[in-house]
Amino acid sequence: MTEASILHQPINVAELPADPVVVTANEKQRKALAEAYDVVAVNALTASVELRPMPGGGVAVDGRVVADIVQNCVVSLVPVDEHIDETFSLRYVRDPDRLPKPGEELLVEVDAPDPPELLEGIAIDVGALAEEHFALAINPYPRAPGAALPADVDDAGSAKDSPFAVLAALAKSPKPRG
């Protein structure tokens with residue numbers, strides 16, 4: 001991230017805390033998160049992040065983000081309560097040789113840990129990590145219970161008699177001779 005995150009909370013990697021770091025969004029941060037991620041409201045957001053040293057000066061990070069948000073239903077625009085409970089795990093290494101090489105073929109497995117990231121500087125921003133995983137967990141298509149598309153709209157979201165369908169039909173019709 002080039003800018004400081006809304007939940008900015010750097011932790012010095014030379015002095016890793018023994019206990020998990022707790023990140024709790026205050027009212028001002030919750031309002032900023034709602035605006036930044038285009039949701040109606042962020043009613044609560046808390047993350048617990050554990051940092052452990054790894055050989056070679058690396059750091060293992062394991063965390064959990066729990067949040068309650070309100071979004072508008074994509075069908076009815078009625079406010080919908082959503083609950084987020086997302087875990088994450090990252091590894092940071094100091095040695096660039098331990099990173100995948102550009103252009104190197106990677107075998108990606110769903111259950112396998114992500115490749116490590118390069119640890120640059122003296123701190124890891126656990127607030128930014130919590131914010132990133134919060135944003136990734138937001139439901140892109142929230143639906144209110146019982147919300148349904150109108151009968152004349154198919155599942156792809158287009159009307160059966162859309163202007164494009166009418167134009168396509170006109171293009172196929174015989175042209176008048178004059």
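Along every chain, residues carry numbers that run from 1 in the direction the sequence is written. With the structure being a predicted model, the display of local features is reserved for residues of pLDDT at least 70 and the display and counting of side-chain atom pairs for 80 or more, all residues being used for whole-chain, interface and lining totals. The basis for the side-chain values is all heavy atoms of the structure; hydrogens and waters are excluded.

A. Molecular detail of the overall build of the protein. For the purposes of this entry, the term helix denotes a DSSP run of H or I that reaches at least four residues, the term strand denotes a run of E that reaches at least two, and both are numbered from the N terminus. If you tally the helices and strands in the protein, you get three helices and seven strands. Counting from the amino terminus, the protein carries its helices and strands in the arrangement β-β-α-β-β-β-β-β-α-α. Note on definitions: a residue-residue contact is assigned when non-hydrogen atoms from the two residues lie within 4.5 Å. Looking at the protein alone, contacts between residues at least 24 apart form 62% of all its contacts between residues at least 6 apart. Method for areas: the Shrake-Rupley scheme with a 1.4 Å probe, in which residue coverage is limited to the protein chains shown. With an accessible surface of roughly 12000 Å², the protein has 54% of that area assigned to carbon and sulfur atoms.

B. Just the nonpolar core, in detail. Residues Val42, Leu45, Leu51, Val61, Ile124, Val126 and Phe134 are the most contacted members of the largest nonpolar core, which totals 30 residues. Of all the secondary structure elements, the ones that give two or more residues to this core are strand 2 (21-24), helix 1 (27-36), strand 3 (41-54), strand 4 (58-72), strand 5 (79-93) and helix 2 (126-137). In this structure Val42 touches Arg30, Leu33, Ala34, Asp68, Ile69 and Phe134, once residues within four positions along its chain are discounted. Within this scheme, the nonpolar core is defined by two criteria: the residues are buried Ala, Val, Leu, Ile, Met, Phe, Trp, Tyr or Cys, and they are joined through side-chain atoms within 4.5 Å. Accessibility here uses a 1.4 Å probe with only protein chains present; expressed as a share of the type maximum, an area under 20% marks a residue as buried, one over 50% as exposed, and anything in between as partly exposed.

C. Local environment of helix 2. Working rule for helices: expected span equals 1.5 Å times residues minus one. End to end, helix 2 covers 17 Å across twelve residues, agreeing with the expected 16 Å (1.5 Å per residue, within 8%). Of all the positions in helix 2, only Val126, Gly127, Ala128, Leu129, Ala130, Glu131, His133 and Phe134 are classed as buried. The opening residue of helix 2, the one whose side-chain oxygen lies 3.1 Å from the backbone nitrogen of Gly127, is Asp125. A 3.5 Å cut-off defines polar contacts: any pair of N or O atoms within that distance qualifies, except that in protein one atom must be a possible hydrogen donor and the other a possible acceptor, and neighbouring residues in sequence count only when both atoms are side-chain atoms.

D. Region of interest: the environment of Ala144. For Ala144, the location among the structural elements is in the loop between helix 2 and helix 3 (163-172). In this structure the C-alpha to C-alpha distance between Ala144 and Val75, which are 69 residues apart in sequence, comes to 7.9 Å. In this view, Ala144 contacts Cys73, Ser76 and Val80; residues no more than four positions away in its chain are not counted.

E. Just the sheet that holds strand 2, in detail. Here five strands make up an open sheet; going across it, the order is 2-3-4-5-6 and the pairing mixed. Because the sheet does not close on itself, it has two edges, and the strands there are strand 2 and strand 6 (117-118). Pairing between strands requires that DSSP locate at least two bridges from one strand to the other. By the bridge criterion, two bridges tie strand 5 to strand 6 in an arrangement that is parallel. Residue pairing for strand 6: Val93 is matched across the bridge by Leu118. Note on definitions: angles span 0 to 180 degrees between N-to-C directions of axes, and those axes are lines fitted to C-alpha atoms, for helices only across the stretch in contact. This element, helix 1, spans strand 2 and strand 3 of the sheet and lies at about 100° to strand 3.

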